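# Structural features, examined
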Amino acid sequence: SAWEVLLAAEPGEQTCLSTEQFDQALAAIADFTDLRSPTMLGHSRMVAELAEGAARRLGLTPDDVLTARRAGFVHDVGMTSLPMLLCEKDGSLTDGEWERVRLHSYYTERIFARPQALAHIGQLAALHHERLDRSGYHRGLPGALLPPIARIIAVADVYRALIEPRPHRAAFAPQAAADQLRAEVKAGRLDGDAVNAVLETAGHRVHTRHKLIADLSDREMDVLRLVARSQTNKQIAEQLTISINTVDAHIRHIYAKIGVSTRAAAALFAMQHDIVGH
């Protein structure tokens, strides 16, 4: 294979990197990735720093904190598969161009598919555009399949991207970026705990509320409670004085957050977490 031929062609003995050297190598890859676009300079390093700090704030293990930093360094390496003119386009993308952009997370995973020591980092890094409601890419995974590290990197990437200029827009002010992240939480796309941890790491003041179950809002708790009691969507809408379409949207977000796809499973979740009697 080309991989084996390349290793055999390396002059001298193969070098085994120390932990520090390994991190330096990943940081160099991050810089190489970002140097392709003036508006991206430093993006990957800052995502790595935010991811590391947020993972520590959320109480992840030291190994997971380190992995979050490493995956943050290389999350965008698949962007090197795109032509420069596409990365710097000032305006809307065509359908074909958007499909190419969506594939950059796939290429991130493939680039780090071997050796095995890199595969886990690549797999987590490739999830940075996935969303809890399955609206992300490139796989469209549900929230139940997105580990904490992936959720953190997704938030760190969005925050940094918002406060950085892009060819088609100016940079957001930090507070405007924070407001946008919170709106994404309410919409069921980003993890609330990850957003708070990233914002705190970035220096924002976060007002913590009572501990939420699966990041369900108070309204979503009300809907789940009625779902567990076998109420129809119409009955739920009447009791909560909201539209049936709104009930449908709430149920989709609830299912994504708690990782279920049926009312029976949702009812079981509600019972297990003592939501029915609240």
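Residues numbered from 1 in each chain as written. Predicted model: local features only at pLDDT ≥ 70, side-chain atom pairs only at ≥ 80, totals over all residues. Heavy atoms only, no water.

### Considerations on the environment of His-128
- Here His-128 is to be found in the loop between helix H8 (116-125) and helix H9 (148-163).
- The spacing of His-128 and Ser-105 is 23 residues in sequence and 7.6 Å in space, taken between C-alpha atoms.
- When near neighbours in sequence (up to four residues on either side) are disregarded, His-128 contacts His-75, Asp-76, His-104, Ser-105, Ile-153, Ala-154 and Asp-157.
- A polar side-chain atom of His-128 sits 3.4 Å from a polar atom in the side chain of Asp-76. (Helix = DSSP H or I, 4+ residues; strand = E, 2+ residues; numbered from the N terminus. Contact = heavy atoms within 4.5 Å. Polar contact = N/O pair within 3.5 Å; in protein donor to acceptor, adjacent residues only side chain to side chain.)

### Re the packing of aromatic side chains
- Here the structure, examined in full by the defined rule, presents two aromatic pairs.
- Between Trp-98 and Tyr-137 the ring centres are 5.6 Å apart and the planes differ by 80°, which places this aromatic pair in the edge-to-face class. Of this pair, Trp-98 sits in helix H6 (residues 95-102) while Tyr-137 sits in the loop between H8 and H9, placing them 39 residues apart in sequence.
- Judged by relative accessible area, which is 36%, Trp-98 ranks as partly exposed. (Phe/Tyr/Trp six-rings, centres within 6.5 Å; stacked < 30°, edge-to-face > 60°. Buried < 20%, exposed > 50% of the residue type's maximum accessible area, 1.4 Å probe, protein only.)

### Observations regarding the nonpolar core
- Among the nonpolar cores identified, the biggest contains 42 residues, and Ile-152, Leu-181 and Val-198 are the most heavily contacted of them.
- At the level of elements, helix H2 (19-34), helix H3 (43-57), helix H4 (62-74), H8, H9, helix H10 (174-186) and helix H11 (192-201) are the ones that each hand at least two residues to this core.
- Residues within four places of Ile-152 in sequence aside, it is in contact with Ala-51, Ala-54, Ala-55, Leu-58, Leu-60, Ala-194 and Val-198. (Core = buried A, V, L, I, M, F, W, Y, C linked by side-chain atoms within 4.5 Å.)

### Comments concerning the pattern of salt bridges
- Under the counting rule described, the total for this entry stands at 14 salt bridges.
- One salt bridge connects Arg-69 with Glu-52, and the closest N-O pair in it is separated by 2.8 Å. Residue Arg-69 is found in helix H4, and its partner Glu-52 is found in helix H3; the two are separated by 17 residues along the sequence.
- Between Arg-166 and Glu-164 there is a salt bridge, with its nearest N and O atoms 2.7 Å apart. Each member of the pair Arg-166 and Glu-164 is classed as buried.
- One continuous salt-bridge network, built from bridges that share partners, spans Glu-52, Arg-56 and Arg-69. (Salt bridge = Lys/Arg side-chain N within 4 Å of Asp/Glu carboxyl O.)

### Brief notes about empty space enclosed by the protein
- Within the structure shown, the criterion is met by one cavity of 30 Å³ or more.
- In this structure, the largest cavity occupies an estimated 50 Å³ of space.
- For the lining of the largest cavity, the class distribution of residues is six nonpolar, no polar and five charged. (1 Å grid on protein atoms, 1.4 Å probe; cavity = no way out; pocket = protein on both sides within 12 Å on 5 of 7 lines; lining within 4 Å. Points joined across faces, edges and corners; volume = space filled by probe spheres on them. Nonpolar A, V, L, I, M, F, W, Y, C, P; charged D, E, K, R; others polar.)

### Description of helix H15 (residues 263-272)
- Three or more residues of H15 are buried, namely Ala-266, Ala-267, Phe-269 and Ala-270. Angular distribution of buried residues about the axis of H15 spans 160°; they occupy a single face of the element. Every exposed residue of H15 that faces more than 90 degrees away from the buried side is listed here: Ala-264, Met-271 and Gln-272.
- On its buried face, H15 is in contact with helix H12 (218-228) and helix H14 (244-258).
- Directly beyond the C-terminal end of H15, a positive phi value near 55° is found at Asp-274. (Arc of directions from axis to C-beta.)

### Looking at H4
- Between its first and last C-alpha atoms H4 spans 19 Å; for 13 residues at 1.5 Å apiece the expected length is 18 Å, and the two agree.
- Looking only at H4, the buried set comprises Val-65, Thr-67, Ala-68, Arg-70, Ala-71, Gly-72, Phe-73 and Val-74. (Expected span 1.5 Å × (residues − 1).)

### A word on the side chain of Lys-257
- When you line up the elements, Lys-257 lands in helix H14.
- Look at Lys-257 and you get buried, because its relative accessible area is 12%.
- Of note is the side chain of Lys-257, whose polar atom sits 2.9 Å from the backbone oxygen of Asp-215.
- Leaving out residues up to four positions away in the same chain, Lys-257 has contacts with Val-185, Gly-188, Ala-214, Asp-215, Leu-216, Ser-217 and Glu-220.

### Examining the side chain of His-250
- Position of His-250 among the secondary structure elements: in helix H14.
- Its relative accessible area of 16% is what places His-250 among the buried residues.
- With near-sequence residues (within four places) excluded, His-250 lies in contact with Arg-219, Glu-220, Val-223 and Ile-242.

### Some points on a nonpolar patch on the surface
- On the surface, a nonpolar cluster with roughly 340 Å² of combined accessible area is contributed by Leu-103, Tyr-106, Tyr-107 and Ile-111.
- Position of Leu-103 relative to the elements: it lies in the loop between H6 and helix H7 (104-111).
- The exposure class assigned to Leu-103 is partly exposed, which follows from its relative accessible area of 37%. (Patch = residues over 30% accessible without salt bridge, like charges linked within 9 Å, V, L, I, M, F, W, Y side chains within 5 Å. Areas by Shrake-Rupley, 256 points an atom, 1.4 Å probe, with all protein chains shown as cover.)

### Structural notes on unusual backbone geometry
- Backbone torsion omega between Arg-114 and Pro-115 reads 0°, so that peptide bond is classified as cis.
- With respect to the helices and strands, the residue Pro-115 is situated in the loop between H7 and H8.
- Residue Tyr-137 is joined to His-138 through a cis peptide bond whose omega torsion reads 10°.
- Mapping His-138 onto the fold places it in the loop between H8 and H9.
- Phi is positive for Arg-134, which is not a glycine, with a value near 75°.
- Within the fold, Arg-134 resides in the loop between H8 and H9.
- Positive phi values are uncommon outside glycine, yet Asp-215 reaches one of about 60°.
- Take Asp-215: it is sitting in the loop between H11 and H12.
- Under the relative-accessibility criterion, Asp-215 is labelled buried at 14%.

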